[in-house]
Amino acid sequence: MNRYFQEVLDAHELIRRWLGDASTPAEVCESLLARFSPAYTMVTPGGGQLDYTALASFFRTQRGVKAGLEIAIENMQLIAESPTGATVTYQERQQLPGQGATLRFSTVVFESGTEGRVLWRHLHETALPLSVS
């Protein structure tokens, strides 16, 4: 699998664990935050903006706040790739037990960090309506 696609999946598994289970060890949060560039920026589904400091503050206070959270990643597409990083789009479906799912469309810009590590540099999320099937 493309390393950028794998990074999307791996990061969201950490997010699911951290937000969905209050007994998750603190090391999971630190492992998650290590995936983001210190220069990280984000546009939230509601149009807000975050930097790395705000992201770290958010995650550190959110252990287990979404008990039973499920996250599914779908329709990953590689938009561009270069020796210094890549741009990937994907859809993310989140669902809490007994509640309706939310769906968002995301575009992430990755950069290559030290030792070839993939770092999240920028993320733009847009809330999407759920299709009626």
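Computed from a predicted model, the values in this text were never measured in an experiment.

Parameters at a glance
Residue positions are counted from 1 within each chain, in the order its sequence is given. Thresholds applied to this predicted model are a pLDDT of at least 70 for local features of residues and 80 or more for the giving and counting of side-chain atom pairs; totals over whole chains, interfaces and linings are not thresholded and use all residues. The side-chain numbers reported here are obtained from all heavy atoms of the structure, hydrogens and water having been left aside. Working definition: helices are DSSP H or I runs of at least four residues, strands are E runs of at least two. Numbering for both runs from the N terminus. By the convention used here, strands pair only if DSSP detects at least 2 bridges between them. Only protein chains enter the area calculation, which uses a 1.4 Å probe; residues under 20% of their type maximum are buried, those over 50% are exposed, and those in between are partly exposed. The contact criterion used is simple: two residues touch if any of their non-hydrogen atoms lie within 4.5 Å.

Enquirer: What am I meant to see in unusual backbone geometry here?
Expert: Excluding glycine, residues mostly have negative phi values, and the peptide bonds linking residues are mostly trans. Of note in the backbone geometry, Asn75 takes a positive phi value of approximately 55 degrees without being a glycine. As for its placement among the helices and strands, Asn75 is situated in strand β3 (residues 70–82).

Enquirer: In this structure, what is going on with the pairing of strand β5 (residues 102–112)? I would like to understand it.
Expert: For a regular strand, side chains alternate in direction, first toward one face of the sheet and then toward the other. For strand β4 (residues 85–95) and β5, the ladder comprises 10 bridges, and the chain directions are antiparallel. By the bridge assignment, Gln91 is partnered in β5 with Phe105. Adjacent in sequence and paired antiparallel, β4 and β5 are bridged by 6 residues, among which Gly98 carries a positive phi angle near 75 degrees.

Enquirer: Would you mind going over the environment of Leu69 with me for this structure?
Expert: The topology assignment puts Leu69 in the loop between α3 (52–60) and β3. Under the relative-accessibility criterion, Leu69 is labelled buried at 2%. Sequence-distant contacts of Leu69, that is, excluding residues within four places in its chain, are made with Arg16, Leu19, Gly20, Gln94, Gln95 and Leu96.

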